[in-house]
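Per-entry structural report
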Amino acid sequence: MPHTARFTVDPEVSVGEVDPRLYGSFVEHMGRCVYTGIYEPGHPAADAAGFRTDVAELVRELGTGLVRYPGGNFVSGYHWEDGVGPASERPRRLDLAWRSIETNQVGTNEFLTWARELGLDPMMAVNLGTRGIDAARALVEYCNQPGGTAWSDLRVKHGYTAPHDVKLWCLGNEMDGPWQTGHKTATEYGRLAAETGKAMRQVDPSIELVACGSSNAEMPTFGTWEREILEQTYDEIDYLSLHAYYEEFDGDRASFLASGAHMDQYIRDVVATADHVRAARRAKKHIRLSFDEWNVWYAARFVGERNLETAETPRLIEDTYSVTDAVVVGSLIITLLRNADRVAIACLAQLVNVIAPIRSEPGGPSWRQTIFHPFAQAARFATGTVLRTDVTGSLIDTQRHGEVSALDTVVTYEEESGALTVLAVHRGQDEPLRLRAALRGPLAGYRVVEHLVLADQDPDAVNTEAQPDRVTPRAGGGAEVTADGALEAELAPVSWNVIRLAPAE
Ligand code: AHR
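Residues numbered from 1 in each chain as written. Predicted model: local features only at pLDDT ≥ 70, side-chain atom pairs only at ≥ 80, totals over all residues. Heavy atoms only, no water.

The secondary structure content of the chain amounts to 11 helices and 25 strands. Its C-alpha atoms give the chain a radius of gyration of 23 Å, near enough to 23 Å, the size a compact globule of 505 residues would have. With respect to the principal axes defined by its C-alpha atoms, the chain has extents near 70 × 60 × 50 Å. A burial count over the chain gives 59% of its 505 residues as buried. For the chain, the share of sequence-separated contacts (at least 6 apart) that also reach a separation of at least 24 residues comes to 77%. As displayed, the chain has an accessible area near 19,300 Å², and 48% of this comes from carbon and sulfur atoms. Averaged over its 47 positive side-chain charges, the chain has a centre that lies 4 Å from the centre of its 72 negative ones. (Helix = DSSP H or I, 4+ residues; strand = E, 2+ residues; numbered from the N terminus. Rg over C-alpha atoms; globule rule 2.2 N^0.38 Å. Buried < 20%, exposed > 50% of the residue type's maximum accessible area, 1.4 Å probe, protein only. Contact = heavy atoms within 4.5 Å. Areas by Shrake-Rupley, 256 points an atom, 1.4 Å probe, with all protein chains shown as cover. Lys, Arg positive; Asp, Glu negative; His and termini not counted. Charge placed at Lys NZ, Arg CZ, Asp CG, Glu CD.)

This part covers the site of the ligand. All residues adjacent to the ligand are Phe-26, Glu-28, Gly-72, Asn-73, Trp-98, Asn-173, Glu-174, Tyr-245, Glu-293, Trp-297, Gln-350 and Ile-355. Here Asn-173 contributes a side-chain N or O atom positioned 3.0 Å from an oxygen atom of the ligand. A distance of 3.0 Å is found between an oxygen atom of the ligand and a side-chain nitrogen or oxygen belonging to Gln-350. When isolated, the ligand has an accessible area of 280 Å², and the protein chains bury 95% of it. (Near = heavy atom within 4 Å. Polar contact = N/O pair within 3.5 Å; in protein donor to acceptor, adjacent residues only side chain to side chain.)

The next thing to look at is the packing of helix H10 (residues 323-338) against helix H11 (residues 372-381). The N-to-C vectors of H10 and H11 enclose an angle of 30°; their axes lie 8 Å apart at closest approach. Comparing the axis directions of H10 and H11 gives the class roughly parallel. Contact residues: Ala-326, Val-329, Gly-330 and Ile-333 in H10; Pro-374, Phe-375 and Ala-378 in H11. (Axes fitted to C-alpha atoms, helices over the stretch in contact; angles between N-to-C directions. Parallel < 35°, antiparallel > 145°, perpendicular 65-115°, else oblique.)

Let us look at the nonpolar core. Core analysis: the biggest nonpolar cluster contains 123 residues, and Trp-114, Trp-169, Phe-291 and Trp-294 have the highest contact counts within it. Broken down by element, this core gets its largest block of residues, 10 residues, from H10. Each of domain 1 (3-11 + 386-502) and domain 2 (19-381) accounts for three or more of the residues forming this core. Apart from the residues lying within four places of it in its own chain, the contact partners of Trp-294 are Ala-244, Tyr-245, Met-263, Val-329, Leu-332, Ile-333, Leu-336, Ala-346, Cys-347, Leu-348, Ala-349 and Phe-375. Counting 26 residues, the second largest nonpolar core, distinct from the first, contains Val-404, Ala-406, Leu-420 and Ile-499. (Core = buried A, V, L, I, M, F, W, Y, C linked by side-chain atoms within 4.5 Å. Domains from an automatic or database assignment.)

Moving on, we get to the domain arrangement of the chain. Taken domain by domain, the chain comprises domain 1 (3-11 + 386-502) and domain 2 (19-381). Distance between the C-alpha centres of domain 1 and domain 2: 30 Å. In this complex, domain 1 contributes 41 residues to the contact, which on the side of domain 2 involves 36 residues. Together domain 1 and domain 2 conceal approximately 3,200 Å² of surface at their shared face, both sides included; 65% is due to carbon and sulfur atoms. Linking domain 1 with domain 2 are 3 salt bridges, by the criterion used here. Among the ionic pairs, Arg-253 bridges to Asp-460, the shortest N-O distance being 2.8 Å. On inspection of domain 1 and its partner domain 2, the count reaches 15 residue pairs in polar contact (both at pLDDT 80 or more). Examining the composition of the side of domain 1 that touches domain 2, we find that 5 residues originate from one element, strand S20 (residues 420-426), more than from any other. (Buried area = accessible area lost by both parts, 1.4 Å probe. Salt bridge = Lys/Arg side-chain N within 4 Å of Asp/Glu carboxyl O.)

Take the sheet that holds strand S3 (residues 24-26) next. On the basis of which strands lie adjacent, the closed barrel formed by 8 strands has the order S3-S4-S7-S8-S9-S10-S11-S12 and parallel pairing. Between one strand axis and the next, the sheet turns by 30° as a mean value, whatever way the strands run. Direction of pairing for strand S10 (residues 239-246) relative to strand S11 (residues 288-296): parallel, over a ladder of 7 bridges. Of the residues in S11, the one forming a bridge with Ser-241 is Ser-290. (Pairing = 2+ DSSP bridges.)

Turning our attention to the packing of aromatic side chains. Given two aromatic rings, one states the distance between the centres and the angle between the planes to describe the pair. For the coordinates displayed, the defined rule picks out 14 aromatic pairs. A centroid spacing of 5.7 Å and a plane angle of 40° characterise the contact between Phe-111 and Trp-114, whose relative ring orientation is tilted. Pair noted here: Phe-111 and Trp-114 are both in helix H2 (residues 108-117), with a separation of 3 residues, about one helical turn. In this structure, Phe-111 and Trp-114 share a single accessibility class: buried. Three or more aromatic residues link up through ring pairs in this structure, and these residues are Tyr-35, Tyr-39, Phe-51, Tyr-69, Phe-111 and Trp-114. Sitting above the plane of the Phe-26 ring, Arg-68 keeps its charged end 4.7 Å from the centroid. (Phe/Tyr/Trp six-rings, centres within 6.5 Å; stacked < 30°, edge-to-face > 60°. Lys NZ or Arg CZ within 6 Å of the ring centre and 35° of its normal.)

Buried residues dominate H11, accounting for 9 of its 10 residues. Where H11 is concerned, the buried positions are Phe-372, His-373, Pro-374, Phe-375, Ala-376, Gln-377, Ala-378, Ala-379 and Phe-381.

What follows deals with unusual backbone geometry. Here the residue pair Gly-71 and Gly-72 is connected by a cis peptide bond, since its omega of 15° sits within 30 degrees of zero. Examined against the element boundaries, Gly-72 turns out to sit in the loop between strand S4 (66-69) and strand S5 (93-95). With an omega dihedral of -5°, the bond running from Ala-349 to Gln-350 counts as a cis peptide bond. Position of Gln-350 among the secondary structure elements: in the loop between strand S12 (343-349) and strand S13 (358-360). Phi is positive for Arg-99, which is not a glycine, with a value near 45°. Looking at where Arg-99 falls in the secondary structure, it is placed in the loop between S5 and strand S6 (100-102). In this structure, Val-494 takes a positive phi of about 45° despite not being glycine. Inspection of the secondary structure assignment puts Val-494 in the loop between strand S24 (486-491) and strand S25 (495-503). For Val-494, a relative accessible area of 6% gives the class buried.

Residue position: Gln-180 is located in the loop between strand S8 (168-171) and helix H5 (186-203). Residue class for Gln-180 comes out buried when judged on its relative accessible area of 3%. Side-chain polar atoms of Gln-180 contact the side chain of Asn-73, separated by 2.9 Å. Leaving out residues up to four positions away in the same chain, Gln-180 has contacts with Gly-72, Asn-73, Ser-76, Asn-173, Glu-174 and Met-175.

Dropping the structure here:
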């Protein structure tokens, strides 16, 4: 008999609403994310503006609704003015973040037009590394002011009559990181972020602002950085950022599969810090979180890969993802959803080629990586209200995260349609796991619509250009509602599962 993990699902006991911005993504001017990723004039599938329609089709299928741009570390040396106006007159610049040549053929207007055509809300970052208040407030004016001022009239002159109406803005990127061009102390960044945010809001009071939290939870200043930034910016900002990338260390797969436990603790720590500052200020507003970079990234493999040749489109961090990576990504999505009461925004980093769910070859095809699937399925089905799930039962001991539940799960419920979605990851590697969920209240009489599974005999299997669909989800996972009104399913080792239920007809 397999071990069993149990929980109860009751629509009366909820965590919060799923903000569609939790299914965000990220396009940075880095490697081949923009050039030969989303944009490749001359490609057989390029549209009149030079954007690849095959890649755009996959972006649509991925279901992301928000896209962060233009960086990332790139933004900390970026002159946005280089990327507007006639393309033939734009300068070629040395990008210090990735030691690449930036041709500026894609800039603010091209990117925002592409994003809007795909129905994506943009989340723009301003340069608080080498620049500051003036460049930031000019960019907001260029983007959002209808006309009648120097910057907005320049946009109109560039051919973009209607304002871009960008609502969400990041005040720099990873400013606590010594690698960042224009790296700052918390005191320096906090003051600059507060004053920049104030000026940007003076241009457009309707915008929302994200201040930089730590670059990751292992930074030596983690915790104190958040506290000081919030003390300085509390009245100006709406969100504080978190970034985290996970990888398998020294063959310790059990810990890697439990990465969600780390993400969960990280979120709790930042929430606690934000609420401490709130209490000390007697503030009413709750700061919400923007987890605006997260993914699996084999950073250890990247160390020898720094781009020292200053190429235009270097192949940087083009990780190829396995079944195990997809299961971890699924578990990270579950973690973000379980914290939907405080995490409003999250961006899978990045969108194409650079640690991405979508890969493309110059002049060639594009395809879905394994991690594409859990993201696309969650974005499509896990909407509405997150219900509370307190799992008991089978535990796994891990070196890095201690004891974790073998079952990682979250449940969403759409009151109007009655649709209930259970996302579930089995972190165990050897035996199947039995999931048993008691269905309460209006869920009595529910039936299983489908049980989709992503798992494989080979947990290291990947999708490649030659075999783009080697790993795809399959239907027929076998979940059922038992006579005593419980959802039961047997979950394969290292598996991602989507179980959809609906009221009986
Ligand atoms: O996503 C790749 C890089 O990771 C980003 O540029 C930076 O913000 C982070 O360190």
